[in-house]
Amino acid sequence: MGLSSEEWEIVLLSLRVSALAIGLTLPFAFALAWLLARVRFPGKVLLDALVHLPLVVPPVVTGWLLLLAFGPNGPIGRPLEAAFGFSVMFRWTGAALASAVMALPLMVRVIRLSLEAVDRRLEVAARTLGAGPWRTFTAITLPLSLPGVLAGVVLGFARSLGEFGATITFVSNIPGETQTLPLAIYAALQVPGADSAVARLAGLSVLLSIMALVASEWLVRRGAAGEVRARHAL
Amino acid sequence: MPFDVDLTLRRGGKTIAARFSGGEGITALFGPSGAGKTSVLDMVAGLVRPDAGRIVVGGEVLFDSAKGVNLPPERRRCGYVFQDLRLFPHRKVRDNLLFGWRLARPEARWLSLGDAVDFLGIAHLLDRAPASLSGGEAQRVAIGRALLSGPAFLAMDEPLSSLDHSRREEILRLVTRIRDELRLPILYVSHDPAEIDRLEATVIRLD
């Protein structure tokens, strides 16, 4: 496709931001999916709504809220700065954080579905065979929900590759630091005569998304096939 | 006296009460469907908590509402053969069989994989996936998996219900061999008087 080294850097930065974003989100997404799928508690509806908020709120609002929380005077930003001298403001880590928040609802949904699809009767059987709750989780629940978890990871990754609004609001559009693919496309669009650069970056973006969607679909189907096999076994 | 059970469970408007002491061999819970036979099995296995009562198997107190004893299922050493078998679909037959064996304390493993496989005649199935087994084969694997977990007793929930006639005969013979050769107490749920007759079981009626 004849990318310039600058454009390659944009792609690599995007991949790095998305990788960190998903690494950050996955444990939370799994824990939340577990809570929503398996535990009954007061305020569950509220938590469910809260988790889904980034999906429906304008991304620019999410970015602004992140700005408030992680800014130098924010309730998270200030102690972070004071304790570790660390700030995500205008850093690629901040871009990852924005992507992570935006990917969370999508991942929770997919992982939750895969957890709900796990046959609880198999977990009960494991308990009678001597497995404690944790062992039952690692030996039965986790492997049976794994295709769905992986699908959630891939989908979250794709979502975060496309993240724009929250990122640009939260950490701005700094080449080499926070300028991921969509932000670079946006920047190129502001420059007269950069049409071919826009086209290349856009094409690349579409290609990456398609790859991720195909991978995710494949994983979901594999998981579903496993479910059907399990039912036939009974 | 392997089984010493006295329990009550209120569910909806219904009360399930069972009180029995089982001798050696097979103790059959008999009654029409809906009488709560499986619920009794689940309570003995620790899957459902009775509202009140006491469950003692082979001298070990598994549940005692008066003393606040309620062992979790993984500590009851109950080899539960479920009506729907519940083989683990993501594991080969071998790993299904060894699932409980690996978790059991070494001194609790009174049966080896080799002996179990010979006893059940399932050596040729070890590398198969559960989904590829016939009903009779899957039943044997489920029984093997329960036996290998080092149980103090077996709980069998209508093990013949999903089998055709010749397979039923096979499994019935297997159950009597477990009783006679392995000398394992069995709590057996059935709604078929002929089946219970064949097993020479101590019958507990649930209505």
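Residues numbered from 1 in each chain as written. Chains lettered and ligands numbered in written order. Predicted model: local features only at pLDDT ≥ 70, side-chain atom pairs only at ≥ 80, totals over all residues. Heavy atoms only, no water.

> Can you break down the environment of B:Asn70 residue by residue, with the values?
Residue and element names in this part refer to chain B. Within the element layout of this structure, Asn-70 appears in strand 6 (residues 69-70). We classify Asn-70 as partly exposed; its relative accessible area is 35%. With 21 residues separating them in the primary sequence, Asn-70 and Arg-49 have C-alpha atoms 8.2 Å apart. If we skip the residues at most four places from it in the chain, Asn-70 touches Arg-49, Leu-62, Phe-63 and Arg-76. (Helix = DSSP H or I, 4+ residues; strand = E, 2+ residues; numbered from the N terminus. Buried < 20%, exposed > 50% of the residue type's maximum accessible area, 1.4 Å probe, protein only. Contact = heavy atoms within 4.5 Å.)

> Which residues make up helix 2 (residues 44-56) of chain A, and what values do they have?
Residue and element names in this part refer to chain A. Its 13 residues place the ends of helix 2 18 Å apart at the C-alpha level, agreeing with the 18 Å of an ideal helix rising 1.5 Å per residue. Of all the bends in helix 2, the largest measures some 30° and sits at Leu-50, one to four residues before the proline Pro-54. Burial in helix 2 covers these residues: Val-51, His-52 and Pro-54. Those residues of helix 2 hidden inside the fold are in contact with helix 1 (5-38), helix 3 (59-70) and helix 5 (92-116). (Expected span 1.5 Å × (residues − 1). Bend = angle between axes of the 7 residues up to and from the residue.)

> Lay out the UniProt feature "transmembrane region" (unreviewed entry) in chain A with the relevant residues and their values.
All names here are of chain A. Cross-referencing UniProt, the feature "transmembrane region" (unreviewed entry) maps to residues 12-37, 49-70, 90-111, 137-158 and 197-220 in the present numbering. Secondary structure content for residues 90-111 is 91% helix and 0% strand, while the C-alpha to C-alpha distance between its ends is 31 Å. Segment residues 137-158 splits into 100% helix and 0% strand. End C-alpha atoms: 28 Å apart. (UniProt positions renumbered as here; feature names shortened; annotations may be inferred.)

> Can you tell me about the packing of helix 1 of chain A against helix 5 of chain A, naming the residues and giving the values?
Residue and element names in this part refer to chain A. Contact pair helix 1 / helix 5: the axes reach a minimum separation of 5 Å and the direction vectors enclose 40°. Here helix 1 is positioned oblique relative to helix 5, judged by the angle of their axes. As helix 1 runs across helix 5, the sense of the crossing is right-handed. Its residues placed into classes, the contact of helix 1 with helix 5 shows 26 nonpolar, three polar and four charged. (Axes fitted to C-alpha atoms, helices over the stretch in contact; angles between N-to-C directions. Parallel < 35°, antiparallel > 145°, perpendicular 65-115°, else oblique. Left-handed = near helix turned anticlockwise from the far one by under 90°. Nonpolar A, V, L, I, M, F, W, Y, C, P; charged D, E, K, R; others polar.)

> Which residues make up the pairing of strand 4 (residues 52-57) of chain B, and what are the values?
Residues and elements named next belong to chain B. Strand direction decides the pairing type here: strand 1 (residues 3-11) and strand 4, joined by six bridges, are antiparallel. The residue bridging Asp-4 from the neighbouring strand is Val-56, located in strand 4. For strand 4 and strand 5 (residues 60-64), the ladder comprises four bridges, and the chain directions are antiparallel. Its bridge partner being in strand 5, Val-56 is matched across the sheet by Val-61. Here strand 4 folds back onto strand 5, and the loop between the two strands holds two residues, one of which, Gly-58, carries a positive phi near 55°. (Pairing = 2+ DSSP bridges.)

> Can you explain unusual backbone geometry? Please cite residues and give values.
Residues and elements named next belong to chain B. Phi at Arg-77 is positive, roughly 50°, even though this residue is not glycine. Turning to its location among the elements, Arg-77 is positioned in the loop between strand 6 and strand 7 (78-81). The phi torsion at Arg-183 lies on the positive side, around 55°, for a residue other than glycine. Here Arg-183 shows up in the loop between helix 5 (165-180) and strand 9 (186-190).

> Describe the sheet that holds strand 1 of chain B, listing the residues and the values that go with them.
All names here are of chain B. As summarised here, the arrangement of the five strands in space is 2-1-4-5-6, forming an open sheet in which the pairing is antiparallel. Of all the strands in the sheet, the pair left with one neighbour each is strand 2 (14-22) and strand 6. Two elements, strand 1 and strand 2, share nine bridges in a ladder whose sense is antiparallel. Residue Val-5 lies in a different strand from strand 2, and its bridge partner there is Phe-20.

> Help me get a handle on the packing of aromatic side chains, residues and values and all.
Inspection of the entire model under this criterion finds eight aromatic pairs over all chains. Following the ring pairs from residue to residue traces out a cluster consisting of A:Phe30, A:Trp34, A:Trp134 and A:Phe137. The side chain of B:Arg109 reaches across the aromatic face of B:Trp101, ending 4.0 Å from its centre. The residue whose ring lies beneath B:Arg145 is B:Phe88, and the NZ or CZ to ring-centre distance is 4.6 Å. (Phe/Tyr/Trp six-rings, centres within 6.5 Å; stacked < 30°, edge-to-face > 60°. Lys NZ or Arg CZ within 6 Å of the ring centre and 35° of its normal.)

> Let's hear about the pattern of salt bridges: which residues, and what values?
A full pass over the atoms with the stated rule returns 22 salt bridges over all chains. With its nearest N and O atoms 2.8 Å apart, the salt bridge here joins B:Glu169 to B:Arg198. With B:Glu169 in helix 5 and B:Arg198 in helix 6 (residues 193-198), this pair connects stretches of sequence that are 29 residues apart. A residue is classified by how much of its surface remains accessible, and B:Glu169, at 26% relative accessible area, is partly exposed. Sharing partners across several salt bridges, the network here consists of A:Asp119, A:Arg121, B:Asp84 and B:Arg86. (Salt bridge = Lys/Arg side-chain N within 4 Å of Asp/Glu carboxyl O.)

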